[in-house]
Amino acid sequence: MDMNTDDRKPRAWRSLEEWEGLPAASDEFPPGGLDGPGGGFSRRSFLKLMGASAALASAIACDRKGSPLVPYTSRPRDVVPGVANLYASTFPLMGRAHPVLVTTREGRPIHVSGHDTAGPAPLWATADILGLYDPDRLKSPRLEGRSLPWPEAEKRLAEGLRGGGRVLLITGASASPTRRGLLEAFARALPGTDHLVWEPADAVEPRLHLDQARVVLSLGADFLGGTAPRTIRAFADRRLEGDCRLWVAEGPMTLTGANADQRIPIRPSRLAGFALALAQGLEHPVAPPEGVEPGLWHALLGDLRKAGGRSLVLCGEGMPSEAREAAHLLNARLGALGRTIEYVEGRVGADPVRVLGDLDAGVYGAVVVWQADPVFTSPAGARWREALRKAPFRAWIGLREDETARACSLQLPEHHWLEAWGDHEVAPGLLSLQQPTSEPLFDTRQGEDLLLGVLRSMGQPVQDSYHEHLRDRWRREVHPGLTAVPFEDFFSGVLHEGVLKVPALPGKAPEPPVGVRATAPVSGFELVLAPDPRILDGRFANNAWLQELPEPVTKTTWGNPLALSLRDAQALGLREGDLVRLESGQGSLEVPVHLQPGQAEGVLSLALGYGRSLGRVAKGVGVNAHPLLPSEGGRLCSGVRLTPTGRHREVPRTQTHHRLGGRDILRIQHPGEHAPVREAGELTTLYPDMLFPEHRWGMVIDLARCVGCSTCVLACQSENNIPVVGPEEVAKGREMHWIRIDRYYEGDPANPVTGHQPMLCQQCDHAPCENVCPAGATNHSPDGINQMIYNRCVGTRYCGNNCPYKVRRFNYLEYVYGRTDTELLARNPEVTVRPRGVMEKCTFCIQRIQDARVRAKLEKRPLQDGDIVPACAAACPARAIVFGDLKDPRSRVSRLLHEGRAYKVLEELGTRPAITYLAALRNPAGGGKA
């Protein structure tokens, strides 16, 4: 599909520099890419990466609470040296729960992946391995900055809460029924307790039934970039069926907009009028709103009328309330309520505005903040900080010191979720258990145990530990009526499986709104503030993997530039990275700009979560945009002013590196079309025929399923000990990710068609890298893998220069130098930790291949299709990556080779890659079916 009318422009382009044909975009290594560290690599950045590019577990040798260290002269039960154990557990996040499988080696978690029966895990679950080993975790209780033993800390907590006056409990949201019951018991024991649920980055999302939808309309709702990987899977399944069309009307370019079949750039302030006009247009003809092409308008109305109750309309949480009400009304008129969408009731809790007023007035005698950070994430953060200090007693429970913790006198470190017990409601009718997969690394306690200790000090009849409290509730409330199996066997079985199906209670949906009005036109810029898709509201800002993970659309790393449209940038005379002053009614800040194709004119977008003042990784990265949030709520600011400062600040990006020369890389087709066939033919070659006696490993990547979420990138980094290099090195083109997600645009930069393509080592049969290596470090294995012998590599980089796919990475710096043995415990011991000066790249997770071989041999059976699943394929929420044996005609990967959309990248070069792509699908209005 070629929407480009200018033959001089590339058919598909990845950056504006490439679109404009700037020479720097075509260099293999950008300016400075071949330089050494020099003065650009600051001491602070070096220390930051040394402290967090791999998880530090130095305190694993500290005193372990609960069980003694066991020497391997007497091996612990179920632990075999060199053999990984898998444990089912649950990753909690912002009131949701995601069942996961945790891989451990000798008692230490090293990798987190999705649960086989409960779907994929979000990328934060995998990334939070670094959170477990974070060197900035609080390691013992502190009072006014000094350490104190736990008995004294627990005594002070109980006395402070019983000291008189009302109690304020601020917590994050939770999907745990047992935890909710404990909080209710806590509130009953301390009458007058106010419970404030603080989740500024989250919203109570409706339940979606994408399998029933034929037309999906998103009004600024980035449902593919959110925290629900199961939604990505459902969307990918639906798209592949070919009879569903995704319409997106939005201001910023989001990941959902990048996957749209038809996208309409529009100001957020006009979304309510847009939706109301659609509701009216279902019954009688209505003129299209301002700025919307009549052809698209009538096509959208036609799709909605035709689909009726099989339509689905979503509106983003950060959009105006009138737009959300209009979307609800539109769903009601279409007959979609209860079929494709179910609205659920919001969370119950105290009003934050009232609570802050009471706190400022000195109403509360004691405050406990648990897994929440209002000082950083609130637009009134400074007021929260001062108001907290007016309470006589202030306690904080959490993992690492944050801005709110500094406003509290008593700081109590809690267990990481991988060290703690819990239960969660994953979905209606589906429960899961969370079990510790590691002994506590530091002198911490589970947060629930601290509340139980307070109740025990008040004479309440409670269990000695939260583990027993959890088991007791399950014994009384969950086990009866489900099975006749004894409770111990039942509980152990659920722990093993990880999930349990129970009868679901019917929900109560809110009534459709009445009297919905459109918002008034807004002049000037509109600023959309949204949680960053990697670090959310800043809770993961100290995670170096997530900081360096490219943002799915902009491909920026280590910061949050201000995105604006190309025309707005041209009117202001701005180029990429220019520093501007951003002013709103709430405040101002200086931030570099990013010129974003597809951004609606007059719309600015900025990610929340950056600009933290604490954390060796998070401190000073990006700008804190929380103070710009409207005081009345929401995430949309109007009347924003933008002033160039005349200064420049480079934004580290990955999309301008490794340009592939505008070749036929990404293919997008419409329903009924076939991907263009480009037969390589019988090319003359000096390579001998490749013989594979047993297996020929290969991969198929379905671009119709891939949404560009980058979960595979992070899973690969965790599995293969890939280091973090830092912003200075990323800017030089030295990022180390073995798999990258190339984002391509086609057509007019004002509103281009967007596609995503995972690119990794193609494991070529006739690999151009192999015959140029003077040291023989890269060669071919008998099963078709282009393998690296690291101790032969001398770093000539000839292989990288000769690779047409630009997927080989050179390790410029020493990222493991000076580490102790304990600091390396978070690494996968099956993967070599590469020293400085060698080339590295994807290996198809060869350690998993060898593990499957050994298991099959021990079981005296041949390898079966599905035995080997690389980390990227296991993590992909869309199931876009399939791995298997190309020599087995019955394998899934072999069958997919015969798909009409199958093609290989640059096969005309004669490289014979082992990776096959299936062309992406788009179903635009007028070009297919809906």
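Keep in mind it's a predicted model, so treat the numbers as computed, not measured. (Residues numbered from 1 in each chain as written. Predicted model: local features only at pLDDT ≥ 70, side-chain atom pairs only at ≥ 80, totals over all residues. Heavy atoms only, no water.)

When its secondary structure is counted, the protein chain shows 25 helices and 37 strands. Counting all 930 residues of the protein chain, 59% fall into the buried class. Excluding contacts between residues fewer than 6 apart, the proportion of contacts in the protein chain whose partners are at least 24 apart in sequence is 74%. Just so you have it, the protein chain exposes about 36,500 Å², and 51% of that area is on carbon and sulfur atoms. (Helix = DSSP H or I, 4+ residues; strand = E, 2+ residues; numbered from the N terminus. Buried < 20%, exposed > 50% of the residue type's maximum accessible area, 1.4 Å probe, protein only. Contact = heavy atoms within 4.5 Å. Areas by Shrake-Rupley, 256 points an atom, 1.4 Å probe, with all protein chains shown as cover.)

So, about the sheet that holds strand E36 (residues 915–918). Strand order in the open sheet made by the four strands is E34-E27-E36-E35, with mixed pairing throughout. At either end of the open sheet lies a strand with only one pairing partner, and these are strand E34 (881–885) and strand E35 (902–903). Both E35 and E36 contribute to a ladder of two bridges, which runs antiparallel. Pairing of Tyr 903 across the sheet is with Tyr 917, part of E36. (Pairing = 2+ DSSP bridges.)

Next up on the list: the pairing of strand E16 (residues 410–413). A regular strand carries its side chains on alternate faces of the sheet. Both faces of E16 are covered, namely the face carrying Leu 410 and Leu 412 and the face carrying Gln 411 and Pro 413. The pairing of strand E15 (residues 393–398) with E16 spans four bridges and is parallel. In the sheet register, Ala 395 faces E16, and the bridge partner there is Leu 410.

With that settled, the discussion passes to the nonpolar core. Counting 96 residues, the largest nonpolar core has Leu 546, Met 699 and Phe 844 as its most contacted members. Beyond its immediate chain neighbours, meaning those up to four positions away, Phe 844 contacts Trp 697, Gly 698, Met 699, Gln 763, Ile 785, Ile 849, Pro 870, Phe 883 and Ile 915. The next biggest cluster of nonpolar side chains, apart from the first, holds 39 residues, and it includes Val 167, Trp 370, Leu 450 and Phe 490. (Core = buried A, V, L, I, M, F, W, Y, C linked by side-chain atoms within 4.5 Å.)

Among all positions in helix H16 (residues 466–478), only Tyr 466, His 469, Leu 470, Arg 471, Asp 472, Arg 473, Trp 474 and Val 478 are buried. Its buried side turned inward, H16 meets helix H6 (177–189), strand E17 (422–427), strand E18 (430–434), helix H15 (447–457), helix H17 (487–497) and strand E19 (499–501).

Turning to the environment of Gly 107, a few remarks are in order. Structurally, the position occupied by Gly 107 is in the loop between strand E2 (96–105) and strand E3 (108–114). Discounting chain neighbours no more than four positions away, the residues touching Gly 107 are Thr 437 and Ser 438.

With that out of the way, let us pick up the sheet that holds strand E12 (residues 311–315). Taking strand neighbours across the sheet as the criterion, the four strands line up as E11-E10-E9-E12 in an open arrangement whose pairing is parallel. Sheet topology places strand E11 (262–265) and E12 at the edges, where each strand pairs with a single neighbour. This sheet shows a mean twist of 10 degrees between the axes of neighbouring strands, independent of strand direction. In the packing of helix H9 (residues 271–281) onto the sheet, the strands contacted are strand E9 (215–219), strand E10 (245–250) and E11, and the crossing angle to E9 comes to about 150 degrees. Against the sheet, helix H11 (residues 321–334) touches E9 and E12, its axis set at about 170 degrees to E12. (Axes fitted to C-alpha atoms, helices over the stretch in contact; angles between N-to-C directions.)

Using the criterion set out here, one finds 56 salt bridges in the structure. Two residues, Asp 261 and Arg 239, come together in a salt bridge whose shortest N-O distance is 3.1 Å. Of this pair, Asp 261 sits in the loop between helix H8 (255–258) and E11 while Arg 239 sits in helix H7 (residues 229–241), and the two are 22 residues apart along the sequence. The same class applies to Asp 261 as to Arg 239, namely buried. Asp 303 is the partner of Arg 245 in a salt bridge, and the nearest nitrogen-oxygen pair spans 2.6 Å. Of the two residues, Arg 245 sits in strand E10 while Asp 303 sits in helix H10 (residues 294–307), which places them 58 residues apart along the sequence. The same class applies to Arg 245 as to Asp 303, namely buried. Each of Asp 423, Arg 471, Asp 472, Arg 473, Arg 475, Arg 476, Glu 477 and Glu 488 takes part in a single network of salt bridges with overlapping partners. (Salt bridge = Lys/Arg side-chain N within 4 Å of Asp/Glu carboxyl O.)

On to the confidence of the model for the protein chain. Per-residue confidence for the protein chain averages 87 on the pLDDT scale, and 88% of its residues sit at or above 70. Segment residues 1–7: pLDDT under 50, and 13 contacts once partners within four positions in sequence are set aside and those in other chains are kept. For residues 46–70, every residue scores under 50 in pLDDT, and the model assigns this stretch 61 contacts once sequence neighbours within four places are set aside. (pLDDT = per-residue confidence, 0-100.)

To continue, consider the packing of H6 against H16. The geometry of H6 relative to H16 is characterised by a closest axis approach of 10 Å and an angle of 105 degrees between their N-to-C directions. Overall, the two elements H6 and H16 adopt an arrangement that is roughly perpendicular. Packed against H6, whose contacting residues are Pro 177, Thr 178, Arg 179 and Leu 182, the element H16 presents Tyr 466, His 469, Leu 470, Arg 473 and Trp 474 at the interface. (Parallel < 35°, antiparallel > 145°, perpendicular 65-115°, else oblique.)

This part takes up the packing of aromatic side chains. Within this structure, the stated rule accounts for 12 aromatic pairs. Ring plane angle 85 degrees and centroid distance 6.0 Å describe the contact between Trp 474 and Phe 491, whose orientation is recorded as edge-to-face. Remark: Phe 491 occurs in helix H17 and Trp 474 occurs in helix H16; sequence separation between them is 17 residues. You'll find Trp 474 and Phe 491 in the same group, each marked buried. Taking the centre distance of 5.1 Å and the plane angle of 75 degrees together, the rings of Phe 844 and Phe 883 count as edge-to-face. One end of the pair, Phe 844, is in the loop between strand E33 (839–840) and helix H23 (846–858); the other, Phe 883, is in strand E34, and 39 residues separate them in sequence. (Phe/Tyr/Trp six-rings, centres within 6.5 Å; stacked < 30°, edge-to-face > 60°.)

Our focus in this paragraph is the side chain of Asp 402. Checked against the element boundaries, Asp 402 lands in the loop between E15 and E16. Buried Asp 402, no salt bridge; nearest opposite-charge side chain is Arg 612, N-O distance 4.9 Å. In terms of polar contacts, Asp 402 uses its side chain to reach the backbone amide nitrogen of Ala 405, at 2.8 Å. Not counting chain neighbours up to four residues away, the residues in contact with Asp 402 comprise Ala 372, Asp 373, Trp 396, Arg 612 and Leu 614. (Lys, Arg positive; Asp, Glu negative; His and termini not counted. Polar contact = N/O pair within 3.5 Å; in protein donor to acceptor, adjacent residues only side chain to side chain.)

Let's shift gears to the packing of H6 against H15. Contact geometry for H6 and H15: axes closest at 10 Å, N-to-C directions at 30 degrees. Put simply, H6 runs roughly parallel to H15. Note that H6 runs across H15; the crossing there is left-handed. Between H6, through Arg 179, Leu 182, Leu 183, Ala 185, Phe 186 and Ala 189, and H15, the contact on the second element is made entirely by Glu 448, Leu 451, Leu 452, Val 454 and Leu 455. A breakdown of the residues in the contact of H6 with H15 according to their chemical character gives nine nonpolar, no polar and two charged. (Left-handed = near helix turned anticlockwise from the far one by under 90°. Nonpolar A, V, L, I, M, F, W, Y, C, P; charged D, E, K, R; others polar.)

Moving on to the side chain of Thr 554. Following the sequence through the fold, Thr 554 ends up in the loop between helix H18 (544–548) and strand E21 (562–564). Residue classification places Thr 554 among the buried residues on the basis of a relative accessible area of 13%. Within the structure, the side chain of Thr 554 is placed 2.8 Å from the side chain of Thr 556, a separation counted as a polar contact. Not counting the four nearest positions on each side in its chain, Thr 554 is found in contact with His 594, Gln 596, Arg 653 and Arg 743.

Another point: unusual backbone geometry. Of note in the backbone geometry, Met 94 takes a positive phi value of approximately 50 degrees without being a glycine. Counting through the fold element by element, Met 94 comes out in the loop between strand E1 (85–93) and E2. What makes Met 94 buried here is its relative accessible area of 4%. Even without being glycine, Gln 763 reaches a positive phi, approximately 50 degrees. Looking at where Gln 763 falls in the secondary structure, it is placed in the loop between strand E29 (753–759) and strand E30 (778–780). Relative accessible area serves as the criterion here: at 0%, Gln 763 is assigned to the buried category.

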